[in-house]
Each structure stands twice: as structure tokens, then as C-alpha cells.
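Chains, contacts and geometry: an overview
Take a look at the letters that make up each chain.
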Amino acid sequence: MKFRKKKILVTGAGSGIGLATSQLFAKEGGELAILDWREDRLTSLASILSEKGCKSIQLLADISDEEQMTIAFDKLKTFWGNLDVVFANAGVNGVCAPFEEIKTIDWDNTININLRGTFLTIKKSLDLLKVHGGSIIVTSSVIGTRVFSIPGFSVYSASKAGIASLAKALSVELAQYNIRVNVICPGNVMTDNDRYTTYGRLEKIKEWAHFPNGFIPLTGKKSAKPEQVARTVVF
């Protein structure tokens, strides 16, 4: 149990990659603070973790809302005096549409949750991470780092590129506090994120680019599972 008694914060913990990673950290002996914007998800995950012998701190907050995040971290600090790991994972696809159809509010919502939310998560965690040093892992995407040909995801791509660049800058700046910063960039993962994606008239985009045909050689699958990404985070 390599994370025995390690104090770990996971955002977006209630579903997808965050859900799978929270359970794997718990299996490895970690103590969990789980943050999500939906109380029902937090309650469900806390019950799952409890069955595994892991008590968790539930933090209800929208990561893009500074007031809510301040309240959440004030609560966290009453329980813990430090953090060892921060998995800044929460994010949304937002609006998937031709660029000319994207409204300013669409841009703001996606950037606020994905980029501002990651900023707030890391900033609010710093005092706790500085106590002993630790690890920050952030979830970016191949769409923000090397694949820019998926139609309709221009805003999402910009937000994930910003997250990756932020992490690279912080990896240098925070090294003096013995804090490591790493980025994971998943491709297509089987989560329920698509349920919260708003689609525009993608048929207006005439030149489409597609993922390569065929399957992943080692697995025979076309998409990864959240549990596979979770193993990368824990590594």
C-alpha cells in the first residue's frame, strides 16, 4: 500500500477518471479528500470508499467559483495540516460547435471551469503542499497538446493547452518547495462527459479529420477505460 496515510485531493472525483482514480488511491492506502460539484456523486463515492475501509472528506464546490473553493479548502484545512497529492482533474467538454457559432458565454464557461478551475485548485492547495512537499497531477488532453483536428473542439483545445502550459511553468517554479508537477494527456476515454457536452451544427465543418481506423493493438479496444488512466495518475 504505497500511499498509506498519504493525504490526497481529487477534483471531479464523482465520475469518470476522477472516480476510478479515487478508488485506486484508496486501494493503495491513501486518505482521500474528494471534491465535486454534485452532492449525490460525493455521497455515492464516499459510500464506495467507506466499504473499502477508506474514510473521506467530502468537498462540494464548483472549481471555477473562488468563494466555493475557499469554503471547501477552509473545511479541508480543519481536518488536515498538509497535502501529499493533488489530482486537479475536474473539467468539461463544453460546447462542441463550429467556431463561428461559439458564443462568448460558451468560451467563458469552458475556460472558467477547465483553466480557471485548475488554477484555483492548485493555488488553494499550495499552503498544504508546501508543508512536506508533494505531487500535483493535472488532466490535460491530446486535444490540447498534439491533436488539433477534431471538429468543434476549439475552445476545449485552448483550455487544455493552457492547462498543459501552466503545469510546465509550475514544474519549474514549485520545485523549490519539493513539489512535482505532471500532466496526463488522455485520448478518447469512456466516461459520461459526453452527456454534458452541447453540440452545434458540426455538419458545417466541411473538412473532417478522424482518428485512425482500427483498434489499440494491446487491448483490441478503440477507447481507454477510466481505470487505465487512473493507473497512470497513481504511477
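Attention here is on the structure that accompanies the text. (Residues numbered from 1 in each chain as written. Predicted model: local features only at pLDDT ≥ 70, side-chain atom pairs only at ≥ 80, totals over all residues. Heavy atoms only, no water.)

**A short note on the pattern of salt bridges**
Applying the stated criterion to the full structure yields 2 salt bridges. The partner of Asp40 in a salt bridge is Arg38, and the shortest N-O contact between them spans 2.7 Å. Residue classification places Asp40 among the partly exposed positions, given a relative accessible area of 45%. (Salt bridge = Lys/Arg side-chain N within 4 Å of Asp/Glu carboxyl O. Buried < 20%, exposed > 50% of the residue type's maximum accessible area, 1.4 Å probe, protein only.)

**Focus on the pairing of strand β1 (residues 7-11)**
Buried residues dominate β1, accounting for 5 of its 5 residues. Residues of β1 alternate between two faces, with Lys7, Leu9 and Thr11 on one and Ile8 and Val10 on the opposite face, all of them buried. As judged from the 5 bridges shared by β1 and strand β2 (residues 31-36), these two strands associate in the parallel manner. Counted as the bridge partner of Ile8 is Leu32 from β2. (Helix = DSSP H or I, 4+ residues; strand = E, 2+ residues; numbered from the N terminus. Pairing = 2+ DSSP bridges.)

**A closer look at the side chain of Asn114**
Residue position: Asn114 is located in helix α4 (residues 104-129). Polar contacts involving the side chain of Asn114 include one to the side chain of Ser159, which spans 3.0 Å. Other than its neighbours up to four places away in sequence, Asn114 contacts Gly91, Val92, Tyr156, Ser159, Lys160 and Ile163. (Polar contact = N/O pair within 3.5 Å; in protein donor to acceptor, adjacent residues only side chain to side chain. Contact = heavy atoms within 4.5 Å.)

**A look at the layout of surface pockets**
Roughly 370 Å³ of volume is contained in the second largest pocket. Lining the second largest pocket are 19 residues, and of these Phe3, Val85, Ser135, Arg180 and Phe235 sit closest to its centre. Elements with a minimum of two residues in the lining of the second largest pocket: β6 (134-139), β7 (179-184) and α6 (226-234). With 4 residues, the single largest contributor to the lining of the second largest pocket is β7. (1 Å grid on protein atoms, 1.4 Å probe; cavity = no way out; pocket = protein on both sides within 12 Å on 5 of 7 lines; lining within 4 Å. Points joined across faces, edges and corners; volume = space filled by probe spheres on them.)

**Remarks on the packing of aromatic side chains**
As enumerated under the stated definition, the model contains 1 aromatic pair in all. Where Phe153 meets Tyr156, the ring centres are 5.6 Å apart and the plane angle is 70 degrees; that geometry is what we call edge-to-face. One exposure class covers both Phe153 and Tyr156, and it is buried. The residue whose ring lies beneath Lys130 is Tyr177, and the NZ or CZ to ring-centre distance is 4.3 Å. (Phe/Tyr/Trp six-rings, centres within 6.5 Å; stacked < 30°, edge-to-face > 60°. Lys NZ or Arg CZ within 6 Å of the ring centre and 35° of its normal.)

**Concerning the packing of helix α1 (residues 16-27) against helix α2 (residues 39-51)**
Relative to each other, α1 and α2 sit at 25 degrees, their axes nearing to 10 Å. By the angle between their axes, α1 is roughly parallel relative to α2. Here the hand of the crossing between α1 and α2 comes out right-handed. Touching Leu19, Ser22, Gln23 and Ala26 of α1 are Leu45, Ile48 and Leu49, all from α2. (Axes fitted to C-alpha atoms, helices over the stretch in contact; angles between N-to-C directions. Parallel < 35°, antiparallel > 145°, perpendicular 65-115°, else oblique. Left-handed = near helix turned anticlockwise from the far one by under 90°.)

Treat this as a map of the structure, not an account of what it does.
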